[in-house]
Amino acid sequence: MSLLSVEELSVTFTARGRKDATAVDGVSFAVDQGQVVGLVGESGCGKSVTSLALMGLLPRKGVRIGGRAEFDGQNLLTMSERKLRDMRGSQLAMIFQDPLSSLNPVVPIGIQVTEILERHRGLKGEKARKEAASLLDRVGIPDPARRLKEYPHQLSGGMRQRALIAMAVACAPRLLIADEPTTALDVTIQAQILELLKELVDQEGTALLMITHDLGVVAGLCDEVNVLYAGRAVESAGRRELFAHPTHPYAHGLLGSIPRLDAPRGEPLNPIRGSINDKIAWADGCAFAPRCDHYTMECLTGTPELTEPRTAGHQVRCVNPVLPTAEVPA
Amino acid sequence: MSLLELDDVKVHFPVKKGLFFDRTVGHVYAVDGVSLSIEAGQTYGLVGESGCGKTTLGRAVLRLNDITDGGVVFDGTDLAKLPSEEMRAFRRRLQMVFQDPLGSLNPRQNIESILSEGMAAHGIGKDQTERREKIKDILAKVGLPSNALSRYPHEFSGGQRQRIGIARALVLEPDVIICDEPVSALDVSVQAQVINLLEELQESLGLTYLVIAHDLAVVRHISDVIGVMYLGGLVEEAPSDALYAKPRHPYTKALMSAVPVPDPEVEDRRERILLHGDLPSPANPPAGCRFHTRCPWVQETKCATERPPLLDTGDGHKVACHFTAEIEAGTVKQTLATGIEAVTGTETVAAEAVEVSEGETETEVPAADAPEKAPVTVPAQADADAKEKAAAAEETGAKASDATDVEKETADATDEASGATEKAEGSPKA
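This report concerns the structure included in the present document. Bear in mind that the values here come from a model prediction, so they are computed numbers and not experimental data.

Rules used throughout
- Residues numbered from 1 in each chain as written.
- Chains lettered and ligands numbered in written order.
- Predicted model: local features only at pLDDT ≥ 70, side-chain atom pairs only at ≥ 80, totals over all residues.
- Heavy atoms only, no water.
- Phe/Tyr/Trp six-rings, centres within 6.5 Å; stacked < 30°, edge-to-face > 60°.
- Helix = DSSP H or I, 4+ residues; strand = E, 2+ residues; numbered from the N terminus.
- Buried < 20%, exposed > 50% of the residue type's maximum accessible area, 1.4 Å probe, protein only.
- Lys NZ or Arg CZ within 6 Å of the ring centre and 35° of its normal.
- Pairing = 2+ DSSP bridges.
- Salt bridge = Lys/Arg side-chain N within 4 Å of Asp/Glu carboxyl O.
- Core = buried A, V, L, I, M, F, W, Y, C linked by side-chain atoms within 4.5 Å.
- Domains from an automatic or database assignment.
- Contact = heavy atoms within 4.5 Å.
- Axes fitted to C-alpha atoms, helices over the stretch in contact; angles between N-to-C directions.
- Patch = residues over 30% accessible without salt bridge, like charges linked within 9 Å, V, L, I, M, F, W, Y side chains within 5 Å.
- Areas by Shrake-Rupley, 256 points an atom, 1.4 Å probe, with all protein chains shown as cover.
- Lys, Arg positive; Asp, Glu negative; His and termini not counted.
- Charge placed at Lys NZ, Arg CZ, Asp CG, Glu CD.
- Buried area = accessible area lost by both parts, 1.4 Å probe.
- Polar contact = N/O pair within 3.5 Å; in protein donor to acceptor, adjacent residues only side chain to side chain.
- Nonpolar A, V, L, I, M, F, W, Y, C, P; charged D, E, K, R; others polar.

A closer look at the packing of aromatic side chains
Residues and elements named next belong to chain A. Tallied over the entire structure, the rule returns seven aromatic pairs over all chains. On the basis of an interplanar angle of 55° and a centroid distance of 4.5 Å, the ring pair of Y229 and Y250 is categorised as tilted. On the criterion of sequence distance, the pair formed by Y229 in strand β9 (residues 224–229) and Y250 in helix α10 (residues 249–256) is long-range, its members being 21 residues apart. Owing to a relative accessible area of 0%, Y250 belongs among the buried residues under this scheme. Members of the aromatic cluster, joined through ring pairs, are Y229, Y250 and F288. Across the ring face of W282, the terminal group of R232 is positioned such that the distance to the ring centre comes to 5.9 Å.

Encoded structure:
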């Protein structure tokens, strides 16, 4: 059985006098021990809200959550706040996008790291400090004893992200959720951080849920990839399968619209027309239909089902998938 | 002759201290001696990581930053020495497209007002009716409906806002457009639309672009010539294809190997050169070659003491490295530890570091028994052994970067390069 299995997760934001906004609309995926699963999509596709829902970090009021998210047999979505607090940090941990705003600016790094050790592992005083120093050392922060006394603003961006990772892995969590962990960083620093995450997964067998918009990062890191569009997974496959045969027109278009470092130059890109604002509700049909080059009237007759038009395990939510015969040169 | 020529441009921001007396305690060397030339109708791409001075350089061309030294020759006129009144007239011919499409549009002006303001200031069009016709024409060119005129920036999506930003530059009929991160705030599917638009406009209007971006794939797609900046200076300049086919400067090599490619086959195969530590502070740049503190190929001689000039190695491929030929011939090996020890930038420390790390190379098992290229070149899917080596290297590397902060005062003011630049620009508080 999978460590985390999410079934038909939906998150709807409600406010009086306004239309309900459905950010996540039936997302299902599973993460196994030692596996890296990617959630990819553009802004507004619901990838971050998914992670917040799993961690129980969404506000209680004004949010309606549906579906199931089983972590080790327990449903995270209905768990009591007290129990969830025990789980967060020790079993589940999260790395956020912006390392500066996720650290408390007026508290030294050391206290922020030892806080977790005190709460979950019962370490105190000198012992906790020693452990914190070894954690910082492990994620590649030099001179950890001195760094523990420093404030977040004294660290560089890459170093801050390392500190956040140290805090996330402090209690050897079984599932790590990384929400755009390298988006705020430069490419050379990004390469360092990705290498570090890979190491953690390989050595500790931690499961990693990687949330990103960068298909390049996904290609190098994830075992399984879920492409989200407007709150639903439109395509799920192993990374080699997905990148070799993108089958949903959205995934196909996305890969065609990225300028690649290793591709021949001089050809114009094939962008997807319109923007994410041009969508229809999933209940009425395929949300991507207004931007799709392959759409037919069939697309507007209710939510398309997940099918496996190519190979087993390669799921696509489309009635007119991009198949070899119809493939346009990318 | 080139349309735009930069000759040894320097932009230094003073770092001030004290509440009443604005004592200058140092400088942030944001741009420190950049020379380049852009031909008419060409696209020049400027890449580099945050804090390397690429944005400052772009702004300096328009004199939005004061130029400390050097010349910016546009169509025969040195902009750096023009009185500001005359400079203002020249700005019609040199326009800029900014990174943040929402932040660079006034939320309380409608699109017509935003676009016609510049035209009125430069006396384009007799009256508003004539200007409106022209604006409609440009809006159609950038792919916006003409009913956009009476709408406000918040009513548009990110990609459309960037189109408005491009239209604002185009209405003045400029010769040169400086695009500062034109697509980095956009989603990939929309990004491609804007890139295609920029290319179409260049073709139909004969524009010259200076594109500043951190995304190498985007820059490569759009540029004819690319310059790679590191810590205020150009380290390599070459025609786009040549640069990507054969990067010659160690920094360019590392940068290109760090860019993720959306293809698992490529990702698994390729070798990654991991750089260690962070960018040194531009307030206290290393002596000699700016990159020697992080360079995997750093040598004992020259690198720490002598700043390499940007020299043409043939075919317009310019490199600023003392050992380009030797690295390519393989006579200069990657030096694992030496590449990452010295960061402070003083010659003595650098020399010491070289000695220390030499010792390490001898004793350290992984470095000693590793094949020529192994130490820091880690294949994406390396065996556990190689990963350990990388981890070891990472540690030492990070330790080295630590030394940057030795000077607390400077480090405080310039913790992050970009931050420092902003502070210095903004207020004397910094």
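That was the structure; now back to the text.
Remarks on the pairing of strand β10 (residues 232–238) of chain A
All names here are of chain A. Counting buried residues along β10, six of its seven residues qualify, which places the element largely inside the surrounding structure. Looking at chain direction, β9 and β10 are connected through six bridges and run antiparallel. When the bridges of β10 are listed, Y229 appears paired with R232. The turn linking β9 back onto β10 is made up of two residues, and A230 within it adopts a positive phi angle of 50°. Sheet analysis places β10 next to strand β12 (residues 315–317), joined by two bridges and oriented antiparallel. Paired with S236 across the bridge in β12 is Q315.

Observations concerning the pattern of salt bridges
Residue and element names in this part refer to chain A. The full count for this structure, using the stated rule, is 34 salt bridges over all chains. Here D20 and R64 are joined by a salt bridge, their closest N and O atoms 3.3 Å apart. Note that D20 is positioned in the loop between β1 (4–13) and β2 (21–31) and R64 in strand β4 (residues 63–71), a separation of 44 residues in sequence. Judged by its relative accessible area of 42%, D20 falls in the partly exposed class. Relative accessible area serves as the criterion here: at 47%, R64 is assigned to the partly exposed category.

Some thoughts on the nonpolar core
Within the largest apolar cluster, 70 residues are counted, with the highest numbers of intra-cluster contacts made by I165, L176, L197, L208, M210, Y229 and Y250 of chain A. Of the residues that make up this core, three or more belong to each of domain 1 (32–60 + 78–91 + 174–330) and domain 2 (101–172) of chain A. Look past the residues within four positions of L208 of chain A in its chain and what remains in contact with it is V31, Q35, V36, V37, L175, L176, A178, L197, V201 and L221 of chain A. Among the nonpolar cores identified, the runner-up in size contains 39 residues, and I111, I114, I135 and V211 of chain B belong to it.

Examining the sheet that holds β1 of chain A
All names here are of chain A. Reading across from one edge, β2-β1-β4-β5 is the order of the four strands in this open sheet, with antiparallel pairing throughout. Looking at strand neighbours, the two that pair on one side only are β2 and β5 (74–75), the edges of this open sheet. Bridge count for β1 against β2 is eight bridges, and the pairing is antiparallel. Looking at the pairing, V11 lines up with V24 of β2. Contacts from helix α1 (residues 47–55) reach β1, β2 and β4 within the one sheet, and its direction differs from that of β1 by about 110°.

Regarding the environment of L54 of chain A
Residue and element names in this part refer to chain A. Locating L54 in the fold gives a position in helix α1. The exposure class assigned to L54 is buried, which follows from its relative accessible area of 2%. Spatially, the C-alpha atoms of L54 and L76 are 6.6 Å apart, while their sequence positions differ by 22 residues.

Observations regarding the pairing of strand β3 (residues 36–40) of chain A
Residues and elements named next belong to chain A. Where burial is concerned, most of β3 is hidden: five out of the five residues are buried. Across the two faces of β3 the burial is the same, with V36, G38 and V40 and V37 and L39 all buried. By the bridge criterion, four bridges tie β3 to β9 in an arrangement that is parallel. In the strand pairing of β9, L39 is matched with N226.

Re a negative patch on the surface
All names here are of chain B. Side chains of E5, D7, D8, E39 and D69 sit close together on the surface and give a patch of like negative charge. No other element matches the three residues that strand β1 (residues 4–17) contributes to the negative patch. Mapped onto the fold, E5 is located in strand β1. In this structure E5 comes out as partly exposed when scored by relative accessible area, which is 30%.

Topic: the interface of chain B and chain A
The interface of chain B with chain A comprises 58 residues on the first partner and 58 residues on the second. Between chain B and chain A, roughly 5,000 Å² of surface is buried when both sides are summed, and carbon and sulfur atoms account for 50% of that area. At the surface where chain B touches chain A, the tally comes to four salt bridges. Across the contact surface, chain B and chain A share 15 residue pairs in polar contact (both at pLDDT 80 or more). Of all the secondary structure elements, the ones that give two or more residues to the side of chain B that touches chain A are α6 (188–205), α7 (216–222), α8 (240–245), α9 (250–258), α10 (264–269) and α15 (384–402) of chain B. Considered class by class, the residues forming the side of chain B that touches chain A number 24 nonpolar, 13 polar and 21 charged.

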